[in-house]
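Single-letter residue listing:
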Amino acid sequence: MTSTLLTGIGLLATQDPEFGELTDAALLISDGTIGWLGPRAQAPAADRAVELDGRCVLPGFVDSHAHLVFAGDRAAEFAARMIGQPYTAGGIRSTVQATRQATDQQLRTNLARLAGELLAAGVTTFECKSGYGLDTETEQRSVRLAGELTGEVSYLGAHVVPAGVDRAEYVELVCGPMLQACAPHAKWVDVFCEQGAFDEDESRAVLTAGLAAGLLPRLHANQLTAGGGVRLAVELDAASADHCTYLRPSDIEALASSNTVATLLPLVEFSTRSPYPDARSLLDAGATVALATDCNPGSGFSTSMPLAIALAVREMRMSPAEALYAATVGGAKALRRNDIGQLTAGYRADLTVLDAPSYLHLAYRPGVPLIQQVWRAGEPAWTRSALQ
Ligand code: NIG
Ligand code: FE
């Protein structure tokens, strides 16, 4: 058993309700998990000590929504949007074409690059969806490749109906042979419940089939219109309803009295120039809110959890403490995990160290690379080099 003491922590933002925020703190890592935390002066002995010189330590961010298996990019679509074109679900089809043509090795290289960006942004756990294959072979390749890098894999065969395919036949494929091919490689079943993608009944059919195959439901809900996605998420006890950009009061009430997390994705509103979700009403009603990147080539191509936090604070009126909680504990709840997302004895030692005295700096210094080191399962996983 080896132990490491992180000491000289200026601010330890535990996200544990018992400990809250500790100043001049230390944290003991034993065998990959958190063994102890408390005032520096009371720290136990350890095999080695790492001095953090007053820096702030947070739980590693939990990014509960990302689409990282794809080829190509859509920079031209983004540029056209910035001069007035609206975002629509249809853009997904151009990424599908590029993804089908890519080799496993090309997809793996792109995925690894984005996973590396997430780590450098302080993310220690990420979810990853399929959804740019839309045929059985490429969807199965996508979930298999995602599973090489994360245990949080979502089968999103129901992203859109591919060009030239009959809707009803496609929904049958997604609920039948494609699901059977993908389920062994996935934990979650996801669906884009939206105008231009799948309606409420089709989405229910997909999620119910996924449940029967042993997957757990989550969904893209109420991104472009106030449709039935959130209602369906709560009806099926989905772990998370993601986007929540257009909500009716009844959706907010439903989320607040459920186990379904409202996952907000402000990098998408930023990149599609859309109104931001009403985080304040969700929080004030008592809903659990998560923040995630939704990194994808279409609606928002960013891996920056710190920027998502800054936008949540500046544009959505979340307090810095609420935004940090949403990016850590909120993400863990959206993945139904109780071993990550907070600094508590027995939890996995996933930590982000900021080159700043407080997490307030994440929003106060937007766009500045403040992540100084990242620890995953008790091991140093990334450190900012002098060149970065
Ligand atoms: O979460 N909303 C659906 N899917 C993605 C966007 C996909 C794309 O445009 O390529 C999202 O925003
Ligand atoms: Fe998404």
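This text follows the structure it describes.
Since the model is a prediction, treat every value here as computed from it, not as a measurement.

(A) How the structure looks around the overall build of the protein chain. Within the protein chain, the secondary structure is distributed over 14 helices and 17 strands. Dimensions of the protein chain, computed from C-alpha atoms along their principal axes, come out at roughly 65 × 45 × 45 Å. When burial is assessed residue by residue, the protein chain has 57% of its 388 residues classed as buried. Residue pairs in contact within the protein chain that sit at least 24 positions apart in sequence constitute 69% of those at least 6 positions apart. Each charge class in the protein chain was averaged separately, 29 positive and 43 negative side chains, and the resulting centres sit 4 Å apart.

(B) Summary view of the pattern of salt bridges. For the structure shown, the criterion picks out 27 salt bridges. Residue Arg231 is joined to Glu200 by a salt bridge in which the shortest nitrogen-to-oxygen separation is 2.6 Å. Separated by 31 residues along the polypeptide, Arg231 in helix H8 (residues 229-235) and Glu200 in helix H7 (residues 200-212) bring together distant segments of the chain. Given the relative accessible area of 42%, Arg231 is considered partly exposed. Linking Glu315 and Arg314 is a salt bridge whose minimum nitrogen-to-oxygen distance equals 4.0 Å. Overall, the relative accessible area of 35% leaves Glu315 in the partly exposed class. Bridged by salt links that share partners, the residues Glu200, Asp201, Arg204, Arg231 and Glu235 form one connected network.

(C) How the structure looks around the site of ligand 1. Around ligand 1 sit 15 residues in total, of which Tyr87, Tyr132, Gln223, Asp294 and Ser299 are the nearest. A distance of 2.6 Å separates an oxygen atom of ligand 1 from a polar atom in the side chain of Tyr132. In isolation ligand 1 offers 330 Å² of accessible surface; the protein chains occlude 100% of this area. Here the residues of the shell around ligand 1 are counted per class, giving 4 nonpolar, 9 polar and 2 charged.

The rules behind the values
Residues numbered from 1 in each chain as written. Chains lettered and ligands numbered in written order. Predicted model: local features only at pLDDT ≥ 70, side-chain atom pairs only at ≥ 80, totals over all residues. Heavy atoms only, no water. Helix = DSSP H or I, 4+ residues; strand = E, 2+ residues; numbered from the N terminus. Buried < 20%, exposed > 50% of the residue type's maximum accessible area, 1.4 Å probe, protein only. Contact = heavy atoms within 4.5 Å. Lys, Arg positive; Asp, Glu negative; His and termini not counted. Charge placed at Lys NZ, Arg CZ, Asp CG, Glu CD. Salt bridge = Lys/Arg side-chain N within 4 Å of Asp/Glu carboxyl O. Near = heavy atom within 4 Å. Polar contact = N/O pair within 3.5 Å; in protein donor to acceptor, adjacent residues only side chain to side chain. Areas by Shrake-Rupley, 256 points an atom, 1.4 Å probe, with all protein chains shown as cover. Nonpolar A, V, L, I, M, F, W, Y, C, P; charged D, E, K, R; others polar.

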